[in-house]
Amino acid sequence: MRVRNTALVAALSSLALLTGCGAADMTKQASPFANAQGAKTVTLSVQSWVGAQANVAVAQYILEHELGYRVDTVQVDEVPAWDALSQGRVDALLEDWGHPEQEQRYVKDKKTIAPGGELGVTGHIGWFVPTYLAKQHPDITNWKNLNKYSHLFRTPESGDKGQLMDGSPSYVTNDKALVKNLKLDYQVVFAGSEAAQITQMRQFAKEKKPFLTYWYTPQWLFKKVPMTEVKLPPYKEGCDADPEKVACAYPHTPLQKYLNSGFAKNGGKAAAFLKKFKWTTEDQNEVSLMIADKKMTPEEAAKKWVDSHRSTWKKWLS
Amino acid sequence: MATITASPPRIGLPGLLRHPAVRKLLLLALAAAILVPLADARWASGAWPSALTVDFSEPLAKASDWIIDNRDSHPLFLYFFGHVSNVVVIAVRAVYLTLLAIGWAGVTALGALVAWRVAGVRLALGTAVAFLACGLLGMWVPTMQTLALMVVAVVASVVVGMLLGLAAGLSDRMDRVLRPVLDTMQVLPAFAYLLPVVLVFGIGVPAAVLATVIYAAPPMARLTSLGLRGADKEVLEAVESLGSTARQRLLTARLPLARKELLLGVNQTIMMALSMAVIAAVIGAGGLGDRVYQALASVDVGAALAAGIPIVLLAVVLDRVTGAAGEKLGAEPEPRSGLGWLLALVGVVAVAVAGRFAGRLDWPEAWIVGIAEPVNRAVDWMTAHLYSGVPVIGGTADWAGHFTTWVLDPVRGGLQWLPWWSVLLIVAALAWVIGTWRTALTAVLAMAAIGVLGVWQPSLDTLSQVLAAVAVTLVVGFATGIAAARSDRLERLLRPVLDVFQTMPQFVYLIPVVALFGVGRAPAVAAAIVYALPAVVRITTQGLRQVDPAALEASGSLGATSWQQLKQVQLPLARPALLLAVNQGLVLVLAVVVIGGLVGGGALGYDVVFGLAQGDLATGLVAGAAIVCLGLMLDRVTQPTERRAKKGA
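In this report, we go over the structure that sits alongside the text. Quick caveat: nothing in here was measured; it's all calculated off a predicted structure.

1. Points about the overall build of chain B
A count of helical and extended segments in chain B gives 29 helices and zero strands. In terms of overall size, chain B behaves like a compact globule, its C-alpha atoms giving a radius of gyration of 26 Å where 649 residues would be expected to give roughly 26 Å. Seen along its three principal axes, the alpha-carbon backbone of chain B occupies a region of about 85 × 70 × 65 Å. A total of 649 residues make up chain B; the buried ones form 52% of that total. Taking as baseline every contact in chain B between residues at least 6 positions apart, the subset at least 24 positions apart corresponds to 80%. Just so you have it, chain B exposes about 28700 Å², and 69% of that area is on carbon and sulfur atoms. Between the centroid of the 44 positive side chains of chain B and the centroid of its 36 negative side chains there is a distance of 7 Å.

What follows is the structure, given as structure tokens:
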């Protein structure tokens, strides 16, 4: 017993010695790798999809080359990114697909996060079939006819139902409820990550096989695998309020930027620039395609875009 | 004290009944005959009755809200977690800046010279080559970030592990209390506790280090305790007779006697910590793991591999060097070893200073070799040609499809069709026949806990995948292991392959696995097999090789063919090793269930990832707890009576 207590006391007191004894501010901790050269630093959060990478790559390139900042990036899913933003671990989230709960908590109640304006890109989630399939069966693009074709979409994973492929667990989805409430003869199969979903879609497309998938625009993959959206019952404000009873399409969401409120106030040129950053779906896709399909590094892709779109980004700096 | 296990009472019974397994089963049947109708009448059969579940989502959601609301003001955070977090950041930063200041040449020289002093010339060369390869792949800075993080995490794990191990080694009560805690720390998938850690520390390095410590400290604790308990009784008595106090005995006799175990503990801790490098990147740890994870987002296997290789190299080098240090411990110290260390130190300083003056601290851009493109081309070729339409044997997609419909579906269907009480009965029977009534009780309680948590169906889904994966792993693993045990050349050839399989971050082969097998449970099983196979092969080979050569010779002189020798001598004698292989196979397969969730495995793995991605503490933690229970159950069911002293090793 005695030995154990001594060890415990020793451990605690050494911890106290190491840290000093005052209060520690948990909101003021940057990455230990940041700022190694002693420059002004901005930390951006990157989400797992390529569009988000494209935003960050271009913002990073301009911050570094035009404004003289050092930029750190942290890869993190949207919901944890909100949390990180409120704590000041990251300074900005450039592409948010709508998280009312988080908005209420951090923007309205705690005021630790400030809206950073629109990204300029409108996001839309939906169900898609490859265009080669839509050409074969033009009526497949309406949900009412999906049951007629469910046999086309069978896979070992979905058994005797059709497979509706969903993606990463970090995405907003009502698909399970939709399948149930629209009485569709389909089984939702979760690919588990966007990488897995894209890989599978490309394999299907290579063989011109039919598939039905949850997918979203803007997305670079449309350039490689042309897809057509399946019409779902139209979206009306509030029709997705009860997650169990959803029976309508997904909305069109103007994507938003958010900044840590301290950074928004005191972030100087970097914050001003990030607030003005606004581009189009085409711009984003151009960069995304370079990263994801041509396998350029995000930095090379950003450089190429920046070099050829001077007039667009000059406005962000004024 | 804790090693005493109750044995069933020995009552003289006639004939068949004298066999203990039969007696146990009879007893169980009797109990079932009374209990099952009762349970059936009360809660009906089929899946786990909802009356017996407890919903944890409300309290967990409240806990998560409380943390978010009090993080910036509550003393617990201001005066404890805040400091822990600061210390970690400062320490990692200090190591990182030091590594950068020494420069790539200095770091390489330092690594090589330490390896030379500790493990000899060959490993020194290997270490230097490994570091240079990290640079050549264009991963120098991320490698240094990972290294800095690892240094701090390993030191913290070793300290925490030793403290826990001391407690467990010196007190039987603490040992009993700590054992399930350590089990949980290791089996709970890291993804499940990433979220609570992130809630407290926020994303970034402190959370990553803490998550790593949770995972990497248990082997250190286990081996420390084992070392203390294993100390030679006679030496201890001799020391005691000299009138020393308890503390003196600990410091002068028990700890030094346990140094082999301690060093093995450090070795294991390093390996476990490195295997967390990528998972820690999910919460913003940066470094190599982050590169792997980011490469996933753009479906770029080549880039992921370029970042994965340095992790493998670091792991192999550190494993070999600490392993060699352990082997040298018992030997006499070399004469003039002080001089050697001095020489080494001077060498490092010279190289570092030279690098500094040459202005070559950063790895030169021109020396970077891009491997991403050729790798991607190779993967594309592979998937294009193997996925489907291969003559005669069919493509990998067809195999995956058949595996899903012929193996996975029936097993899952069968398990989910079984009434809940019969699952408990089967678990009890298996565990009791192989182990004791205690292990049986633990196994049944673990299985029941899954029901209570309300995840009965997904857990059985996961269980079916685990069983299928383990079956394949064992067939392939035993065959390979037997072959390797019979041919030295094959074993030498296999070793690097197994190293790579074991240390390559699973995220790297996620995409190839999907590209070959499609989305679903089949790729999840494939990923698990890749991960669990090396351990099974190694244990089998080692077990077979350790069979007493005298027994082999004897059978050989009796004219047994080599096949007969294998079947009648080697395999029976290696039975304990083979059982251990089964056990490890199960544990390791279970460890990648979460990775399976990322490629369409669904069930518990998906829930855990979902919990983290959506900040949903309840879903993630409950699924994680269910995985722990499954692990506990499977471990007990496959673990013969003697307690596993070496688990964790």
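2. Some thoughts on the pairing of strand β4 (residues 113-130) of chain A
Residues and elements named next belong to chain A. Burial runs high along β4: 13 of the 18 residues are buried. In terms of strand pairing, β4 meets strand β9 (residues 252-260) through seven bridges, oriented antiparallel. Counted as the bridge partner of His 124 is His 252 from β9. Alignment of β4 against strand β7 (residues 212-217), held across five bridges, turns out to be antiparallel. For Gly 126, the partnering residue across the bridge sits in β7 and is Trp 215.

3. Thoughts on the interface of chain B and chain A
Facing 79 residues of chain B, the contacting portion of chain A comprises 67 residues. Considering only the surface of chain B that becomes buried against chain A, Ile 203, Val 519 and Tyr 606 of chain B emerge as the three largest contributors, covering 11% of it. Put simply, chain B and chain A have three salt bridges between them. Close ionic contact of Asp 65 of chain B with Arg 105 of chain A constitutes a salt bridge, the shortest N to O distance being 2.3 Å. Scanning the region where chain B abuts chain A turns up 13 residue pairs in polar contact (both at pLDDT 80 or more). By residue number, the principal contributor to the side of chain B that touches chain A is helix α3 (residues 75-119) of chain B, which donates 17 residues. Residue classes in the side of chain B that touches chain A are distributed as 48 nonpolar, 21 polar and ten charged.

4. Quick word on the nonpolar core
Note that soluble globular proteins tend to have their nonpolar side chains buried in a common cluster. If you look at the biggest cluster of nonpolar residues, it comprises 274 residues, and the most contacted ones within it are Val 58, Trp 127, Leu 274 and Trp 279 of chain A together with Phe 507 and Met 633 of chain B. Per element, the largest residue contribution to this core is twelve residues, and it comes from helix α29 (residues 617-638) of chain B.

5. What about a nonpolar patch on the surface?
A cluster of nonpolar side chains, Leu 27, Leu 30, Ile 34, Leu 35 and Leu 38 of chain B, forms an exposed patch at the surface whose accessible area comes to about 530 Å². Position of Leu 27 of chain B relative to the elements: it lies in helix α1 (residues 20-43).

6. Notes on the side chain of Thr 404 of chain B
Tracing the sequence through the fold places Thr 404 of chain B in helix α17 (residues 396-417). A distance of 2.7 Å separates a polar atom in the side chain of Thr 404 of chain B from the backbone oxygen of Ala 400 of chain B. Those residues within four positions of Thr 404 of chain B in sequence are excluded, and the remaining contacts are Pro 156 and Glu 157 of chain A together with Asp 409, Pro 410, Arg 521 and Ala 522 of chain B.

7. Quick notes on the pattern of salt bridges
Throughout the structure, instances matching the rule amount to 21 salt bridges over all chains. A single salt-bridge network, built from bridges that share partners, covers Glu 157 of chain A together with Asp 409, Arg 412, Asp 461 and Arg 521 of chain B.

8. Notes on the state of the cysteines
Residues and elements named next belong to chain A. Counted according to the given criterion, the structure contains one disulfide over all chains. Across a sulfur-sulfur distance of 2.0 Å, Cys 239 and Cys 248 are joined as a disulfide pair. Between Cys 239 and Cys 248 the sulfur-sulfur dihedral comes to about 85°; the bridge is accordingly right-handed. Note on Cys 248: relative accessible area 4%, which makes it buried.

9. Digging into unusual backbone geometry
Residue and element names in this part refer to chain A. At the junction of Thr 217 and Pro 218, the peptide bond is cis and its omega measures out at 0° in the coordinates. Its place among the elements puts Pro 218 in the loop between β7 and α8 (221-224). Phi at Lys 111 is positive, roughly 55°, even though this residue is not glycine. For Lys 111, the location among the structural elements is in the loop between α4 (100-110) and β4.

10. As for the packing of α1 of chain B against helix α18 (residues 420-434) of chain B
All names here are of chain B. Where α1 meets α18, the axes come as close as 10 Å, and the angle between the chain directions of the two elements is 165°. For the element pair α1 / α18, the angle class is roughly antiparallel. Pair α1 / α18 crosses with right-handed handedness. Residue-level inspection shows Ala 21, Lys 24, Leu 25, Leu 27, Leu 28, Ala 32, Val 36, Ala 39, Asp 40 and Trp 43 of α1 in contact with α18, the latter providing Trp 420, Trp 421, Leu 425, Ala 428, Ala 429, Trp 432 and Val 433. Of the residues in the contact of α1 with α18, the class split is 15 nonpolar, no polar and two charged.

Parameters and conventions
- Residues numbered from 1 in each chain as written.
- Chains lettered and ligands numbered in written order.
- Predicted model: local features only at pLDDT ≥ 70, side-chain atom pairs only at ≥ 80, totals over all residues.
- Heavy atoms only, no water.
- Helix = DSSP H or I, 4+ residues; strand = E, 2+ residues; numbered from the N terminus.
- Rg over C-alpha atoms; globule rule 2.2 N^0.38 Å.
- Buried < 20%, exposed > 50% of the residue type's maximum accessible area, 1.4 Å probe, protein only.
- Contact = heavy atoms within 4.5 Å.
- Areas by Shrake-Rupley, 256 points an atom, 1.4 Å probe, with all protein chains shown as cover.
- Lys, Arg positive; Asp, Glu negative; His and termini not counted.
- Charge placed at Lys NZ, Arg CZ, Asp CG, Glu CD.
- Pairing = 2+ DSSP bridges.
- Buried area = accessible area lost by both parts, 1.4 Å probe.
- Salt bridge = Lys/Arg side-chain N within 4 Å of Asp/Glu carboxyl O.
- Polar contact = N/O pair within 3.5 Å; in protein donor to acceptor, adjacent residues only side chain to side chain.
- Nonpolar A, V, L, I, M, F, W, Y, C, P; charged D, E, K, R; others polar.
- Core = buried A, V, L, I, M, F, W, Y, C linked by side-chain atoms within 4.5 Å.
- Patch = residues over 30% accessible without salt bridge, like charges linked within 9 Å, V, L, I, M, F, W, Y side chains within 5 Å.
- Disulfide = S-S within 2.5 Å.
- Axes fitted to C-alpha atoms, helices over the stretch in contact; angles between N-to-C directions.
- Parallel < 35°, antiparallel > 145°, perpendicular 65-115°, else oblique.
- Left-handed = near helix turned anticlockwise from the far one by under 90°.

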